[in-house]
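Spelled out, the chains give:
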Amino acid sequence: MKKSIAIIGGGTAGLMAAAFLDTDLYNISIYDKKSSVGRKFLVAGDGGFNLTHSEEIKKFIKRYTPSEFLEPALRSFTNQDFITWLGNIGIDTFIGSSHRVFPSNGIKPIQVLRAILDFLKSRDVTINGNMEFTGWDNGHLLFNNDLNVKADICIFALGGASWKITGSDGKWKQLFESKGIKTVPFKPANCSYNILWSRDFIINHQGKPLKNIAILFDNQLSKGEVVITRQGIEGNAIYALSSAIQSVLDKEQEATIYIDHKPTLSYHEIVEKIKKAGRSPSRRLREILKLNPTQVALIKDRMSKENFLDIEKLSETIKKCPVVITGAGPIDEAISTTGGIDRDSLSLSYKISVLHNSYAIGEMIDWNAPTGGYLIQGCVSMGVYLARHLNILRASK
Ligand SMILES: Cc1cc2nc3c(=O)[nH]c(=O)nc-3n(C[C@H](O)[C@H](O)[C@H](O)COP(=O)(O)OP(=O)(O)OC[C@H]3O[C@@H](n4cnc5c(N)ncnc54)[C@H](O)[C@@H]3O)c2cc1C
């Protein structure tokens, strides 16, 4: 006889678990509080839709914190496996210059989601919208406070706590705590950071980008770009440092990052170039080093007039421009969150130790990864890994 599986949460992780569970062994039902599933997946597709990253697997795994937690899942269903699987359901991909993997030109995020949903439909997976999980009732799952559902196995894939509008509001955390499941407070990750810009600088440079920079923090170097906002900065170069920055902000009021405005040149090369250039220091920076006006203004803002005219001090600041972060931006605007279920509450196959036949996957667990396809791939790999584990478990009985 087939066993029933309830997957609660129809986001990236839940949908992928459903796609890989063996339908000869299980009747699969997905429940989501929203009327339709995959809303955060669609939001992710609004900007550049990084489905995964093409990096070599050993390096790829190191992007996750803690990498040991995600490693078995990432090795079991790799970035390359995901690309192949997407191709099999009709979604071709391409690798961009940043080595990120996108749907091929012309394929919209909604088409990717539809292809996944069509695949689930062909496997008789049932999707139930407007079903908010509200707790447990005498061994049954409780939805909308008054609807009991019985399932042999339950997979929770309830997401993190940002972009509430997509359904991922983190409200489930209290329910889990009431069952004695250890949790960790939610925190914004891959988020904007607050900086107290000087008035003169922000008036002229709000909304402007710093491109082709690198940010140094705690011996980690992150290349990319950021945008100056009224409150601080956001963008891929800072997102990648989230774990390290957050752990300093946990203990201290501030964290100082260092912007390298010219990562392709060494300090000595910059000194030589400036020496050879004409007299106006700002022009030297714009014309010889190709820094944009926002970079020049930021460098000036960090230096006394006297030091700005000193070629060596100026070159030092171009390579290591200090910027003080005073906190993280609002959690609801973060691309992802850390916190949620404490990893110690789970077995190696994501079984929740204190609950009967219940598992948790995806962003609802306390782990972190930078943007660029790593978040979606982490959720995808966990979903597939758990599905394969449950298939083997049932087949061996
Ligand atoms: C703006 C933005 C851009 C992003 N861009 C990228 C990107 O380019 N690449 C990348 O890799 N990642 C990106 N991400 C992150 C990525 O989308 C998420 O990490 C990933 O989708 C999380 O998947 P999940 O299945 O764990 O949770 P989610 O996709 O959040 O799904 C959780 C589901 O659970 C449901 N739910 C919650 N509570 C309940 C309840 N009580 N009862 C029933 N259902 C419930 C929700 O409605 C939701 O459908 C982006 C995120 C954002 C916000």
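Parameters and conventions
Residues numbered from 1 in each chain as written. Predicted model: local features only at pLDDT ≥ 70, side-chain atom pairs only at ≥ 80, totals over all residues. Near = placed C-beta within 6 Å. Helix = DSSP H or I, 4+ residues; strand = E, 2+ residues; numbered from the N terminus. Nonpolar A, V, L, I, M, F, W, Y, C, P; charged D, E, K, R; others polar. Domains from an automatic or database assignment. Contact = placed C-beta atoms within 7 Å. Pairing = 2+ DSSP bridges. Axes fitted to C-alpha atoms, helices over the stretch in contact; angles between N-to-C directions. Core = buried A, V, L, I, M, F, W, Y, C linked by C-beta atoms within 7 Å. Buried ≥ 20, exposed ≤ 12 C-beta atoms within 10 Å, placed from the backbone.

A. Representation of the site of the ligand. As a structural note, the neighbourhood of the ligand is formed by 41 residues, with Gly9, Gly11, Gly159, Gly167 and Gly362 the closest of them. Residue assignment for the shell around the ligand shows that the elements contributing at least two residues are helix H1 (12-20), helix H2 (39-44) and helix H16 (374-395). For the shell around the ligand, the leading source of residues is H2, giving five residues. Of the residues contributing to the shell around the ligand, the split by class is 19 nonpolar, 15 polar and seven charged.

B. A look at the domain arrangement of the protein. According to the domain assignment, the protein consists of domain 1 (3-188 + 336-395) and domain 2 (193-328). One C-alpha centre belongs to domain 1, the other to domain 2; they are set 37 Å apart. Across the boundary between the two partners, domain 1 contributes seven residues, which contact seven residues of domain 2. Considering only residue class, the side of domain 1 that touches domain 2 consists of two nonpolar, four polar and one charged.

C. Expanded view of the sheet that holds strand S6 (residues 126-128). Reading across from one edge, S6-S2-S1-S10-S19 is the order of the five strands in this open sheet, with parallel pairing throughout. What marks the edges here is a single partner per strand, and that holds for S6 and strand S19 (358-360). With direction set aside, neighbouring strand axes in the sheet form an average angle of 20 degrees. In this sheet, strand S2 (residues 26-31) lies alongside strand S1 (residues 3-8) in parallel orientation, the contact comprising six bridges. Across the sheet, Ile8 pairs through a bridge with Tyr31, a residue of S2.

D. Just the sheet that holds strand S13 (residues 209-217), in detail. An order of S12-S15-S14-S13-S16-S17 is seen for the six strands of this closed barrel, with the pairing classed as antiparallel. Averaged over all pairs of adjacent strands, the angle between their axes in this sheet comes to 50 degrees, without regard to strand direction. The pairing of S13 with strand S14 (residues 220-228) spans seven bridges and is antiparallel. Residue pairing for S14: Pro209 is matched across the bridge by Val227.

E. Expanded view of the nonpolar core. Ranked by internal contacts, the top residues of the largest apolar core, which has 71 residues, are Ile7, Ala17, Ala18, Ile155, Ala157, Ile361 and Leu386. Looking at which element gives the most residues to this core, the answer is H16, with eleven residues. Apart from the residues lying within four places of it in its own chain, the contact partners of Ile7 are Gly14, Ala17, Ala18, Ile28, Ile30, Ile155 and Ala157.

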